[in-house]
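Commentary on secondary and tertiary structure
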Amino acid sequence: MSLIYVQKAGVGSKVLLGVGLAVLMFNTAQAQTETAAESGMEVTVFGQLPDGRQVDVYQFTNANGIELRVTNYGGIILSLKTPNLAGEFDDIALGFDSLETYLSEEYRQANPYFGAIIGRYGNRIAGGQFALNGETYSLATNDGNNHLHGGDQGFDKVLWEAEPFESDEGTGLVLRYTSEDGEEGYPGRLETEVTYTLTDNDELMVDYRAVTDKATPINLTQHSYFNLKGEGSDTILDHQLMINAPAFTPVNDTLIPTGEIRAVDGTPFDFTQATPIGERIEQDNEQLAFGGGYDHNFVLARDNAASDELVLAAKVWEPQSGRMVEITTTEPAIQFYSGNFLNGDLTGKQGKAYGHRSGFALETQHYPDSPNQDSFPSTILEPDDTYLSRTVYRFSAQESFDE
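These numbers come from a predicted model, not from an experiment.

1. Focus on the nonpolar core
Membership of the largest hydrophobic core comes to 57 residues, with the highest contact counts inside it found for Leu-241, Ile-243, Phe-298, Phe-336, Phe-360 and Leu-362. Beyond its immediate sequence surroundings of up to four residues, Leu-241 is in contact with Phe-271, Gln-273, Ala-274, Thr-275, Ile-277, Ala-314, Lys-315, Val-316, Phe-336 and Leu-362. Residues Val-57, Ala-116, Ile-118 and Leu-342 belong to the second largest nonpolar core, which totals 24 residues.

Given below as structure tokens:
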């Protein structure tokens, strides 16, 4: 059974949190900087795309001082500042201070997708092809022979329409983008909406909504990399990780799932109890060798939860700072990536190179290659349905993982 959270047409209006609640509008084309101090919002110009379109940065600060900066280019989370146990704030999200860096050839070649919205299809599709309703669709093969993260010009590289808002839940940004029929080879005109809400409960809520006029695969996710010591710090191998997943999907040597769902028990993929990321990462294990570390889809323990119900996906705690991030989601799975392909070629906001495993990503999602795997939960969105998904990141600082 599919675990895509959909709303059937004609069954009532289920509105995403924050959507439709916008009461504050910004016209960023009229001024380079506008500030609404009372609401913790600020908008500044980030730069221009080669075609002359303006790109902006939207900054939100909650009642406890947590600061989120997002750009409408790729929906990228540029920075996220949270306190440690001593109340000192650090930026825990990998990324850059300039639009030029995100547009540079060096970045595009490395393409780590720092902080971006990923679509239409997060993760890999084997051979860049899938069949749907008797027709075969061909996609870009931008990861060896496979299709990755939406293709050459995925949602991470487009300019989204942005609308800041203030609601009872917090402040944030609604991002909208229409992917036309045939874009990157996908069928259907897909209208997509992603909402970031920063709450005074120290949560970042990410809500996804999409509709289509033709059946199409969809698997939206958020691709932030975190280092809870602060971006530009050393490796994340000492971070303690718990993933609420009794199983994972093994891959072949091109990181395409084999179709098996394998129990994590007795393997280096067992994070059902908090374990340092680096404790088993160098073990002699075929799956770790294929990924150069962890780059795998974990099947979450949703039990009998409804498809629109948030369940715990993962927790990460860093012992030096005491920072913790807890992730809940309506999605059936989460991709854990341990920054294996970071190699020091990219320099971050503090002028420090992002070295091997200096950040981790936990991407809530449906399974990779689902359009070609009948046994996996379906990722096909039909014209009469609405794609809805929610992921919540909660930030805190504590003395121990189990506090």
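Right, picking up where we left off after that structure.
2. Examining unusual backbone geometry
Going from Gly-119 to Arg-120, the amide bond is cis rather than trans, its omega being 0 degrees. Inspection of the secondary structure puts Arg-120 in the loop between β8 (116–118) and β9 (124–125). The backbone phi angle of Asn-133 is positive, close to 55 degrees, even though this residue is not glycine. Since its relative accessible area comes to 67%, Asn-133 is described here as exposed. In the Ramachandran plot, Arg-357 falls in the positive-phi region, its phi being about 60 degrees despite a non-glycine side chain. Mapped onto the secondary structure, Arg-357 falls in the loop between β27 (333–337) and β28 (360–365).

3. Notes on the sheet that holds β27
Where strands meet in a sheet, backbone hydrogen bonds hold them as pairs that are either parallel or antiparallel. The strand order β19-β28-β27-β24-β21-β22 describes an open sheet built from 6 strands, whose pairing is antiparallel. Each edge of the open sheet is held by one strand with a lone partner, namely β19 (225–226) and β22 (262–263). With 2 bridges connecting them, strand β21 (residues 247–249) and β22 associate as antiparallel partners. Each residue of the ladder has a partner; that of Phe-248, found in β22, is Arg-262.

4. A word on the pattern of salt bridges
A side chain of one charge can pair with a side chain of the opposite charge when the charged atoms of the two come close. Using the criterion set out here, one finds 17 salt bridges in the structure. We note a salt bridge from Arg-53 to Asp-51, for which the minimum N-O separation is 2.8 Å. With a shortest N-O distance of 3.3 Å, Lys-229 and Asp-238 are connected by a salt bridge. For Lys-229, a relative accessible area of 14% gives the class buried. Note on Asp-238: relative accessible area 25%, which makes it partly exposed.

5. A word on the layout of surface pockets
Each pocket or cavity is described by its volume, and for the largest pocket that value is around 630 Å³. Forming the boundary of the largest pocket are 30 residues, of which Ala-110, Asn-111, Pro-112, Tyr-113 and Leu-148 lie nearest the centre. Here the element with the most residues in the lining of the largest pocket is helix α2 (residues 105–110); it accounts for 4 residues. Looking at the lining of the largest pocket residue by residue, the class counts come to 11 nonpolar, 10 polar and 9 charged.

Rules of the game
- Residues numbered from 1 in each chain as written.
- Predicted model: local features only at pLDDT ≥ 70, side-chain atom pairs only at ≥ 80, totals over all residues.
- Heavy atoms only, no water.
- Core = buried A, V, L, I, M, F, W, Y, C linked by side-chain atoms within 4.5 Å.
- Buried < 20%, exposed > 50% of the residue type's maximum accessible area, 1.4 Å probe, protein only.
- Contact = heavy atoms within 4.5 Å.
- Helix = DSSP H or I, 4+ residues; strand = E, 2+ residues; numbered from the N terminus.
- Pairing = 2+ DSSP bridges.
- Salt bridge = Lys/Arg side-chain N within 4 Å of Asp/Glu carboxyl O.
- 1 Å grid on protein atoms, 1.4 Å probe; cavity = no way out; pocket = protein on both sides within 12 Å on 5 of 7 lines; lining within 4 Å.
- Points joined across faces, edges and corners; volume = space filled by probe spheres on them.
- Nonpolar A, V, L, I, M, F, W, Y, C, P; charged D, E, K, R; others polar.

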